Amino acid sequence: MDHPLIQHKISILRNETTGTNEFRKLVEEIARLEGYEALRDLPLEYEETKTPITTTLTPYIAGKKLCLVPILRAGLGMVEGLLSLCPTAKVGFIGMYRDEETKIPHEYYCKIPSPIEQRTIVCLDPMLATGGSACDAIEDIKKRGGKKIKFLCIIAAPEGLRKVTKEHPDVTFYVGHLDEKLNDNAYIVPGLGDAGDRIYGTK
Ligand code: PRP
Ligand code: URA
């Protein structure tokens, strides 16, 4: 997403001297900006509204609305940004961590609102590295009946983006910045380090 505000904020996120408080606020702000763009195709329906002057047909968001699904932990940092746009959205959670040796994701928690079939699902995770976590999370959402899925990340590696778009061509991916590559440790280069640790001040 080439919006200058998003690019500027991502640069501050990357800076190793950016502290936890500022990092957390920026993740939320970037999520809000990405969400604004990603929700541009939400369907509208017209209802009568009485203004102080007259009665007229005006547009409202139609039908069963949204479900946000952050991938824990780092995806949690994006939730408030989206909720500030859509305060009535339901929120599900998928808990996942990458094994530090194998880099394979392991799911430890999943709670998705039901029924989910009619909702637009917005999956949130700031980092898409090998793409393993995103693929597993999307598969899980689909198994539970999820159909219309969007995935928002802040930084992606080309390797990971290739994998997820190949395995889930029906999902729309919104990427704040596409970085150069993964390093030998499957971290994104130049990236921003470990997003979860930087949002929550852990090491
Ligand atoms: C990070 C990140 C993604 C995942 C991306 O989570 O938030 O979920 O790694 O890597 P992948 O594309 O190679 O699967 P991490 O495992 O560090 O867990 P955390 O959010 O709890 O810190
Ligand atoms: N997870 C992160 O938080 N950062 C990376 O660069 C890769 C995976």
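Residues numbered from 1 in each chain as written. Chains lettered and ligands numbered in written order. Predicted model: local features only at pLDDT ≥ 70, side-chain atom pairs only at ≥ 80, totals over all residues.

### Some details on the site of ligand 1
Okay, step 1: Around ligand 1, 23 residues are found, and the nearest of them are Ala74, Ala129, Thr130, Ser133 and Gly196.
Okay, step 2: Those elements that place two or more of their residues in the shell around ligand 1 are strand E3 (66-72), strand E5 (93-98), strand E8 (127-128), helix H4 (132-143) and helix H6 (195-200).
Okay, step 3: Each residue belonging to the shell around ligand 1 can be placed in one class, and the counts come to twelve nonpolar, six polar and five charged. (Near = placed C-beta within 6 Å. Helix = DSSP H or I, 4+ residues; strand = E, 2+ residues; numbered from the N terminus. Nonpolar A, V, L, I, M, F, W, Y, C, P; charged D, E, K, R; others polar.)

### Some words on the packing of helix H1 (residues 4-14) against helix H2 (residues 20-38)
Helix-helix packing: each pair is described by the crossing angle between the helix axes and the interaxial distance.
Okay, step 1: In contact at an axis separation of 10 Å, H1 and H2 are set at 155° when each is read in the N-to-C sense. In terms of orientation, H1 and H2 fall into the roughly antiparallel class. Where H1 crosses over H2, the handedness of that crossing is left-handed. Contacts between H1 and H2 involve Leu5, Ile6, Lys9, Ile10, Ile12 and Leu13 from the former and Phe23, Leu26, Glu29, Ile30, Leu33 and Glu34 from the latter.
Okay, step 2: Class assignment of the residues belonging to the contact of H1 with H2 gives a composition of nine nonpolar, no polar and three charged. (Axes fitted to C-alpha atoms, helices over the stretch in contact; angles between N-to-C directions. Parallel < 35°, antiparallel > 145°, perpendicular 65-115°, else oblique. Left-handed = near helix turned anticlockwise from the far one by under 90°. Contact = placed C-beta atoms within 7 Å.)

### Description of the site of ligand 2
Okay, step 1: Around ligand 2 sit Ala74, Met127, Ala129, Tyr187, Ile188, Gly191, Asp194, Ala195 and Gly196, and that is every residue in its neighbourhood.
Okay, step 2: Of the residues in the shell around ligand 2, the class split is six nonpolar, two polar and one charged.

### Overview of H4
Okay, step 1: For H4, spanning twelve residues, the distance from its first C-alpha to its last is 17 Å, which sits close to the expected 16 Å at 1.5 Å a residue.
Okay, step 2: The complete set of buried residues in H4 reads Gly132, Ser133, Ala134, Ala137, Ile138 and Ile141.
Okay, step 3: Glycine 145 occupies a position one or two residues after H4 and carries a positive phi of about 105°. (Expected span 1.5 Å × (residues − 1). Buried ≥ 20, exposed ≤ 12 C-beta atoms within 10 Å, placed from the backbone.)

### Description of the pairing of strand E7 (residues 120-124)
Okay, step 1: With five of its five residues buried, E7 lies for the most part within the structure.
Okay, step 2: Residues Thr120, Val122 and Leu124 line one face of E7 and the alternating positions Ile121 and Cys123 line the opposite face, and both faces are buried.
Okay, step 3: Judged from the five bridges that link them, E3 and E7 form a sheet pairing that is parallel. The partner of proline 70 across the bridge, within E7, is leucine 124.
Okay, step 4: Bridge analysis of E7 against strand E9 (residues 148-156) gives five bridges, and the strand direction is parallel. (Pairing = 2+ DSSP bridges.)

### Focus: the confidence of the model for the protein chain
Okay, step 1: Of all residues in the protein chain, 100% have pLDDT values of 70 or greater, and the mean over the chain is 96.
Okay, step 2: Both scores are given for the predicted complex: the pTM is 0.96, the ipTM 0.97. (pLDDT = per-residue confidence, 0-100.)

### Description of the nonpolar core
Okay, step 1: The biggest cluster of nonpolar side chains holds 48 residues, and the ones touching the most others in it are Val69, Val122, Cys123, Leu124 and Phe151.
Okay, step 2: With seven residues, E9 is the largest single contributor of residues to this core. (Core = buried A, V, L, I, M, F, W, Y, C linked by C-beta atoms within 7 Å.)

### Side note on the pairing of E9
Okay, step 1: When you tally the buried positions in E9, you get seven out of nine residues, the bulk of the element.
Okay, step 2: Bridging between E8 and E9 involves two bridges; their strand directions are parallel. Residue pairing for E9: methionine 127 is matched across the bridge by isoleucine 155.
Okay, step 3: The parallel pair E8 and E9, bridged by H4, forms a crossover whose chirality is right-handed. (Right-handed = clockwise from strand over helix to strand, strands pointing away.)

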